[in-house]
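Secondary and tertiary structure notes
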Amino acid sequence: MSDRPAEPDGVVGTLTKKDFTADREVRWCPGCGDYAILATVQSFLPELGVSPDRIVFVSGIGCSGRFTYYMDTYGVHGIHGRAPALATGIATARPDLHVWVVTGDGDGLSIGGNHLIHALRRNVNIKILLFNNQIYGLTKGQYSPTSEEGKVTKSTPFGSVDHPFNPIALALGAEATFVARTIDNDRQHMTQVLRQAAAHRGAAFVEIYQNCNVFNDGAFDLLREKPQGIHNQIRLEHGKPIVFDEGRRCVAVGDNGRLVIADVETTPPDRIVVHDVHGRPSLAFALAHTSDRPTEPTCIGVFREVERPVYGEAMDRQIELATQRLGPGDLDQLLHSGDTWVVR
Amino acid sequence: MTKAVEERQRVVIRFAGDSGDGMQLTGDRFTNATAVLGNDLATLPDFPAEIRAPAGTVHGVSAFQIQFASEDITTPGDHPNVLVAMNPAALKAELDSVEKGGTIIVNEDAFIQRNLEKAHYTSNPLEDGTLDGYQVYRVPMTSITVRAVEELGLSRKEAERSKNMFALGLVSWMYGRPTDVTLNWLQKKFGDKPQVYDANVAAFKAGYNFGETTELFGTSYRVPPAPAEPGTYRNVSGASALAMGLVAASVRSGLPLFYASYPITPASELLHELSRLKNFGVRTLQAEDEIAAAGIALGASFAGHLGVTGTSGPGMDLKAETIGLAVVLELPMVIIDVQRAGPSTGMPTKTEASDLLMALFGRHGESPMPVVAAYTPGNCFDAAIEACRIAVAHRTPVVLLSDTFLSNSSEPWRIPEVDSLPVIDPRFATGPNAGTEFLPYLRDENLARPWAVPGTPGLRHQIGGLEKDESGSISYDGPNHERMTHLRAAKVAKIADDIPPLEVDDPDGSAEVLVLGWGSTYGTIRAAARCVRERGLSVATAHLYHLNPFPKNTGEVVRAYRKVLIPEMNMGQLAMLIRARYLVDAIGYSKIQGLPIFAGELEDRILEVMQA
Ligand code: SF4
C-alpha cells in the first residue's frame, strides 16, 4: 500500500494538454498571470503519464481558487484557506491519488496559514502551488501578508505597517521537504520546477510569483521582464556554483559568514556558494533572504529537497502493523471486549 | 459473628475524594462488579476541570455516583443513599446532595486540622453536629491501609495511595459485590508490577474484611439481579459505545473510517478510543485545529472514506464553515458534538445540552442538515450507526449530538448481533448518469446526488462552495439559487420518509400531559413518569431521536395532548422548535447547572403542570 501504485491503463502515454483542460470559459482578468500558470500546468501534466481520473486539484478562495474549475481532473473548490486541510484528508485517505493544492498569498499565508504549515510539517503527499501576487485581488485590492511595508492600498491609504512574510523562509521554517519558487511567465522554468515537485515524495511547496495586472501590476517586473530579469534572477541549480547576471555576479560567503551578492571577478572561487538542495536548511534559509523583496536579485528554483516519511504512507503502515499484530478487526469481538455476563 | 443481611431494591452510592484519590477508578470498579452481578445500573462521573487541582480543596473534589437496582432503572439517581467521603473537602462538597438520614462513610484519618482548613471548615464536622441525623461511619482508612501493606516495603506515600481500594473493598462487602471481578482486574492491570498489585489486593481485602469482622457495621445489603432480556451483556460508557458504533458503521458499509479531531474535553475520549482500533483500518488524525479536523474529514469523504469529526461546543463554532461547505458539496460526513456547558469555555467537564439550535441552524445562509441525538450511553452505539447511515444514504453531513453526561456515564448494554445491524450501501457512482455525461448534481429519488470518488474513470467533476445549477455548473442566477435552496431543504426534509415515527408511551391512553424530550434526559423522563404513574396518575412520554427532520407524526403527537412539557438542559431550545413548528403552547423546564435533571425535580414539575 505504501508504494506509489501502478498507473491506470488506457490513456497513459497519449495524454495531451486537452485532456486536462475543462470545457469552461476562463474568467480571470485579461492579462492576469494566472492564465500563463494554468497553461503551463495543463501542458506539463500529460508528461506524468497519470490519467486525469487519478488527479485531484483542491483550491481555496481568491482569484487562484478558480483554478480547479478549469482543470479537467477531479476538483474541490473549498473554503478560504482550508485547501491544505481538505487535501490532507484526500491524500491521506487515498495514497493512490495525485493531489495538487492551488492557493494564494492571502488564502495560504493569511487565513489558511495554520493549515499550510501543518501540511508541510506532516509531509502530506500534496503539491502546493502558491500564487503570490502580493495583493488581495478577488476582494478588489487590499494589502496581503506578502505586501511590502508602506504599501498603499484601499485598506491602507497611509501605507501598510505590516511586515510581510517571506513564503520560502516560512515553508522552510515549517520543515517542508520540498521548497521552490518560480515565475508565472517563465514556462520553461516553471515546468522544470513542477516536474521536480511532482517527482518529490511528500509535500512540495512551490511559490509562483504571479502578476496581478489590475491591482498590483509590475510587482515582479524586475525579475519577470526582459531584459532586467536576466540580471536579477538567481537561478538555483543543485551542485552548481550560484552565479547569475550572465556570469557577472554570484552568491558568496561574506567575511562574517553571511551570504552576500558579489562580483564574480573579485570573489575567490572558493567563496562562491555551491547550491545543495539536500543539505542543512540554513543554506536554503539564507538563500531565501538574499533579497527582502523581489525588487533586488532574487533566487528562483528549488531551494531544498529532502526525504522524510510521507504522512499517509506512515499511517497506512501503522494500520498494516496493527493488523499483523492483532489480526484484522473483528466487530463481534470488539463488542464483547471487557467483562461480559449472560442473562438467560 | 453472623451479621444481618437486608435486601434493598435500589441503592445510590457516591464516592467522593480528592482528584488524586482515584475515585473515578473506584467507581468504575464498583460498577463492573455490580454489572457482572446482574443489577441494572447507571453512573455519573463528576470531576473537576483542573487536572491537578490543589489537594484537599473543595474545587478539587472528584466524585462518582452509581445507582444500581434489582429493577429497571434509568438514571444515576438524584440523592445518594450512601456517601463515601475520603476527606473533609469531599464531605463539604457532597453532603448537600445526600438523602436525609443517609449513610456517610468517612476516612476519619483525613479529618485533621490542615485538611479541615483547606475545606474551609472552622470546626470538625464529625464532632460539631453537622452530621446529626445521618448514619455516620468513621473509618480510619488511611492508617488501616498503611498497616495492611506494611510488609511490602512501600514508602508511606505509596502505601497510602491504596486507600481507595480499601474503600472499594469495604463498600463491596456492604453491598455483597463479588470480589473476584475486582481481583481479576487488578491481576490484569498490575500483574507485571508485583508490589503495586500486592498493595492493592491487600488494601481491597482489608476493606472487605473490615466490614465483615469489625462491629462497626452490623448489616450488609443484598441487591438481587434485575430482570433483563436474555442475551450477553457488558457495561458500556457513551464514549466507547459511540466509538464502537462508528467502527460498526464502517464495517457495515465497507467504507474505511477516517476520524479527524482536535483534542477537546469531553470529546477527546472518542479520539483515544478510535486511535486504538487501527486493525479495523481506522485512520485517526489529530489535526492542527478544529477547522482542519472538519476539513480533513470532509476531504476523506470526498475521497470515498467515511469522514467523521468530533468535538464539543467550542469546536462546533469553528467547524461551522466547513459544515456549510459539506452542505453544499452534499457529501456524507458525520460531525459529533459532545455538548458541554457553554457559552465559550464555560464549564468544560460539566454537562449541558444547549447546542441543539446550533446544530440545526448554526451556519450562515440556508444550510439545512439532519441532526440525530443519542439518548442513553448504550444508544450512542445505535446513534452513531444511524448518523452514518443517513449521511451515506442521503449524501449529507449529519450532526450527532451527545453530551458530557452520556459520554462519561455507563450502563449495562445488551450486545447486539453483528448481523442484526443495518447494512449501509455506499452506492458509489460507477459510470455516466446522463447519456455519456456525468452530472454531479443529478439527483435520485431521495434527491441525493451521486458520490463519485476520485479515481473512478470518466467521472471527473469539479465541485465547490459556489452556488451551482442542477447540472453542476456555477451559477449566479437568482431564480436558480432559490430553486437549489429549496432542493437542498427538500432533500433533508425527505429524510422523514426514512426514519421511524415518534413513539409515545402512554400506558393507559388517558394522559393529558405529554413529557417530550431529546438527548440524555431520556432516563430522567422515564424515571419521573414512573413515579407519577405509581401515584395512580397518567402521564405520557415521547423522546425525539431525530431532531431534523422530526418524525412525520410529531405534530400529531404534540397536538394530541392538553399540555406538552419539555424538560431540557438548556433554556428551552426544543420547546422553541416545537412551538414554532407546530403552534403548540409547549411548556419548557430548564436545568442548566452542569448536572442532569433529577427525576424528583421533574416529577414535581409534571405534577404542577397536571394541576395547572
Ligand atoms: S484581480 Fe488580479 S489576480 Fe485576480 S484575476 Fe484579476 S488580475 Fe488576476
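Definitions and cut-offs
- Residues numbered from 1 in each chain as written.
- Chains lettered and ligands numbered in written order.
- Predicted model: local features only at pLDDT ≥ 70, side-chain atom pairs only at ≥ 80, totals over all residues.
- Heavy atoms only, no water.
- Helix = DSSP H or I, 4+ residues; strand = E, 2+ residues; numbered from the N terminus.
- Rg over C-alpha atoms; globule rule 2.2 N^0.38 Å.
- Buried < 20%, exposed > 50% of the residue type's maximum accessible area, 1.4 Å probe, protein only.
- Areas by Shrake-Rupley, 256 points an atom, 1.4 Å probe, with all protein chains shown as cover.
- Near = heavy atom within 4 Å.
- Nonpolar A, V, L, I, M, F, W, Y, C, P; charged D, E, K, R; others polar.
- 1 Å grid on protein atoms, 1.4 Å probe; cavity = no way out; pocket = protein on both sides within 12 Å on 5 of 7 lines; lining within 4 Å.
- Points joined across faces, edges and corners; volume = space filled by probe spheres on them.
- Domains from an automatic or database assignment.
- Contact = heavy atoms within 4.5 Å.
- Buried area = accessible area lost by both parts, 1.4 Å probe.
- Salt bridge = Lys/Arg side-chain N within 4 Å of Asp/Glu carboxyl O.
- Polar contact = N/O pair within 3.5 Å; in protein donor to acceptor, adjacent residues only side chain to side chain.
- Phe/Tyr/Trp six-rings, centres within 6.5 Å; stacked < 30°, edge-to-face > 60°.
- Lys NZ or Arg CZ within 6 Å of the ring centre and 35° of its normal.
- Pairing = 2+ DSSP bridges.
- Axes fitted to C-alpha atoms, helices over the stretch in contact; angles between N-to-C directions.
- Patch = residues over 30% accessible without salt bridge, like charges linked within 9 Å, V, L, I, M, F, W, Y side chains within 5 Å.
- Lys, Arg positive; Asp, Glu negative; His and termini not counted.
- Charge placed at Lys NZ, Arg CZ, Asp CG, Glu CD.
- Expected span 1.5 Å × (residues − 1).
- Right-handed = clockwise from strand over helix to strand, strands pointing away.

Here we come to the overall build of chain A. A tally of regular secondary structure across chain A gives 12 helices and 12 strands. A compact globule built from 344 residues would reach a C-alpha radius of gyration of about 20 Å, and chain A, at 23 Å, matches this within 12%. Here the C-alpha coordinates of chain A stretch approximately 90 × 50 × 50 Å along the principal axes. For chain A, with 344 residues in total, the buried portion stands at 56%. Of the accessible surface of chain A, which amounts to about 14500 Å², a share of 52% is contributed by carbon and sulfur atoms.

On to the site of the ligand. Around the ligand, a shell composed of Trp28, Cys29, Cys32, Cys63, Asn133, Gly137, Gln210, Cys212, Asn213, Val214 and Phe215 of chain A is seen. Broken down by class, the residue content of the shell around the ligand amounts to seven nonpolar, four polar and no charged.

Moving on, we get to empty space enclosed by the protein. All names here are of chain B. Evaluated as defined, the whole model comprises seven cavities of 30 Å³ or more. In this model, the largest cavity occupies a volume close to 120 Å³. A per-class count over the lining of the largest cavity returns six nonpolar, seven polar and four charged. Approximately 80 Å³ is the volume found for the second largest cavity. Elements with a contribution of two residues or more to the lining of the second largest cavity: strand 3 (40–46) and helix 15 (404–408). The residue inventory of the lining of the second largest cavity, partitioned by class, reads six nonpolar, five polar and two charged.

The next subject is the domain arrangement of chain B. All names here are of chain B. With domains assigned, chain B is organised as domain 1 (4–222), domain 2 (234–420) and domain 3 (504–611). Using only C-alpha atoms to locate each centre, domain 2 and domain 3 end up separated by 26 Å. Opposite the 29 residues of domain 2 that make contact, domain 3 presents 22 residues. With both sides pooled, the region where domain 2 packs onto domain 3 buries about 2100 Å², and carbon together with sulfur makes up 68% of that total. On the domain 2 side of the interface with domain 3, the three residues burying the most area are Leu356, Leu357 and Tyr375, jointly 29% of the side's total. Our count for the contact surface shared by domain 2 and domain 3 stands at zero salt bridges. On inspection of domain 2 and its partner domain 3, the count reaches 14 residue pairs in polar contact (both at pLDDT 80 or more).

Right, let's get into the packing of aromatic side chains. Throughout the structure, instances matching the rule amount to 22 aromatic pairs over all chains. Measuring from centroid to centroid gives 5.0 Å for tryptophan 28 of chain A and tyrosine 70 of chain A, while their planes differ by 85°, and the two rings are edge-to-face. Residue tryptophan 28 of chain A is found in the segment before helix 1 (33–44), and its partner tyrosine 70 of chain A is found in helix 2 (residues 67–70); the two are separated by 42 residues along the sequence. Among the aromatic residues, ring-to-ring pairing joins Trp28, Tyr35, Phe57, Phe67, Tyr70, Trp100 and Phe131 of chain A into one connected group. Against the face of tyrosine 121 of chain B rests lysine 92 of chain B, its NZ or CZ located 4.8 Å from the ring centre.

The next subject is the side chain of arginine 94 of chain A. Take arginine 94 of chain A: it is sitting in the loop between helix 3 (83–93) and strand 3 (98–104). Residue arginine 94 of chain A is classed as buried on the basis of its relative accessible area of 15%. Only 3.0 Å separates the side chain of arginine 94 of chain A from the backbone oxygen of alanine 303 of chain B, close enough to count as a polar contact. Those residues within four positions of arginine 94 of chain A in sequence are excluded, and the remaining contacts are Ala303, His305, Val453, Pro454 and Gly455 of chain B.

Turning our attention to the interface of chain A and chain B. Taken together, the contact pairs 57 residues of chain A with 70 residues of chain B. Buried area between chain A and chain B, both sides added, is near 5200 Å², and the carbon and sulfur share of it is 62%. Broken down residue by residue, the surface that chain A buries against chain B is led by Tyr74, Leu335 and Trp341 of chain A, which jointly contribute 17%. Its salt-bridge partner being arginine 122 of chain A, residue glutamate 288 of chain B comes within 2.8 Å of it at the nearest N-O pair. The interface formed by chain A and chain B includes 32 residue pairs in polar contact (both at pLDDT 80 or more). Of all elements in the fold, only helix 2, strand 2 (74–77), helix 3, helix 5 (113–122), helix 11 (311–326), helix 12 (331–335) and strand 12 (340–343) of chain A reach the threshold of two or more residues within the side of chain A that touches chain B. Tallying contributions element by element places helix 11 of chain A first for the side of chain A that touches chain B, with eight residues. Taken together, the residues that form the side of chain A that touches chain B break down as 25 nonpolar, 19 polar and 13 charged. Strand direction decides the pairing type here: strand 12 of chain A and strand 9 (residues 231–237) of chain B, joined by four bridges, are antiparallel. What sits directly across from tryptophan 341 of chain A, in strand 9 of chain B, is tyrosine 233 of chain B.

Reading across the sheet, the nine strands line up as 7(A)-11(A)-5(A)-6(A)-4(A)-3(A)-1(A)-2(A)-17(B) and stay open at both edges, with mixed pairing between neighbours. Both outer strands of the open sheet, strand 7 (233–236) of chain A together with strand 17 (462–464) of chain B, are each paired with one neighbouring strand and no more. Adjacent strand axes in the sheet meet at a mean angle of 20°, parallel and antiparallel pairs treated alike. Of the pairings in the sheet, the one linking strand 2 of chain A to strand 17 of chain B comprises three bridges and is parallel in character. Bridging across to strand 17 of chain B, valine 76 of chain A finds its partner in isoleucine 463 of chain B. Sheet strands touched by helix 7 (residues 187–199) of chain A: strand 3, strand 4 (126–132), strand 5 (178–183), strand 6 (204–209), strand 7 and strand 11 (298–305) of chain A. Its angle to strand 5 of chain A, the strand with the most contacts, is close to 160°. Of the strands in this sheet, strand 2 of chain A together with strand 17 of chain B touch helix 12 (residues 313–329) of chain B, which is tilted by about 135° from strand 17 of chain B.

Moving on to a negative patch on the surface. On the surface, a cluster of negative charge is contributed by Asp330 and Asp332 of chain A together with Glu417 and Asp419 of chain B. Among the structural elements, glutamate 417 of chain B can be located in the loop between strand 16 (410–414) and strand 17.

Below, the discussion takes up the sheet that holds strand 20 (residues 540–544) of chain B. Residues and elements named next belong to chain B. Here we have five strands laid out as an open sheet, ordered 18-20-19-22-23, and mixed in their pairing. Among the strands making up the open sheet, the edge pair consists of strand 18 (504–505) and strand 23 (587–590). Both strand 19 (residues 513–518) and strand 20 contribute to a ladder of five bridges, which runs parallel. Of the residues in strand 20, the one forming a bridge with valine 515 is threonine 541. The strands touched by helix 17 (residues 522–534) within the sheet are strand 18, strand 19, strand 20 and strand 22 (563–568), with strand 20 carrying the most contacts at an inclination of about 175°.

Before going further, it helps to examine the layout of surface pockets. Residues and elements named next belong to chain B. Of the volumes computed, that of the second largest pocket is approximately 920 Å³. Lining the second largest pocket are 41 residues; nearest its centre among them are Asp72, Glu411, Pro412, Trp413 and Arg414. Considered class by class, the residues forming the lining of the second largest pocket number 21 nonpolar, 13 polar and seven charged.

All names here are of chain B. The final tally for this structure, using the stated rule, is 49 salt bridges over all chains. We note a salt bridge from aspartate 497 to lysine 494, for which the minimum N-O separation is 3.4 Å. The shortest N-O distance in the salt bridge between glutamate 608 and arginine 605 comes to 2.7 Å. Taken together, the positions of glutamate 608 and arginine 605, both in helix 20 (residues 599–611) and three residues apart, correspond to about one turn of that helix.

Another aspect to go through is the pairing of strand 4 of chain A. All names here are of chain A. The element strand 4 is largely enclosed, with a buried count of seven among its seven residues. The alternating pattern of strand 4 places Ile126, Ile128, Leu130 and Asn132 on one face and Lys127, Leu129 and Phe131 on the opposite face, and all of these are buried. Here strand 3 runs beside strand 4; their pairing, made up of six bridges, is parallel. Bridge pairing in strand 4 links glycine 104 to phenylalanine 131.

A separate point is helix 11 of chain A. Residue and element names in this part refer to chain A. The end-to-end C-alpha distance of helix 11, which contains 16 residues, comes to 23 Å, matching closely the 22 Å that a straight helix rising 1.5 Å per residue would cover. Those residues of helix 11 lying buried are Tyr311, Gly312, Glu313, Met315, Asp316, Ile319 and Ala322. Count one or two residues on from helix 11 and you reach glycine 327, which has phi positive near 80°.

Our focus in this paragraph is the pairing of strand 10 (residues 257–261) of chain B. Along a regular strand, successive side chains alternate from one face of the sheet to the other. Residue and element names in this part refer to chain B. When you tally the buried positions in strand 10, you get five out of five residues, the bulk of the element. Of the two faces of strand 10, the one lined by Leu257, Tyr259 and Ser261 and the one lined by Phe258 and Ala260 are each fully buried. By the bridge criterion, five bridges tie strand 10 to strand 12 (residues 306–311) in an arrangement that is parallel. Pairing of leucine 257 across the sheet is with leucine 306, part of strand 12. By the bridge criterion, four bridges tie strand 10 to strand 11 (residues 283–286) in an arrangement that is parallel. Its bridge partner being in strand 11, alanine 260 is matched across the sheet by leucine 285. Following the chain from strand 10 across helix 10 (residues 268–275) to the adjacent parallel strand 11, one finds a crossover that is right-handed.

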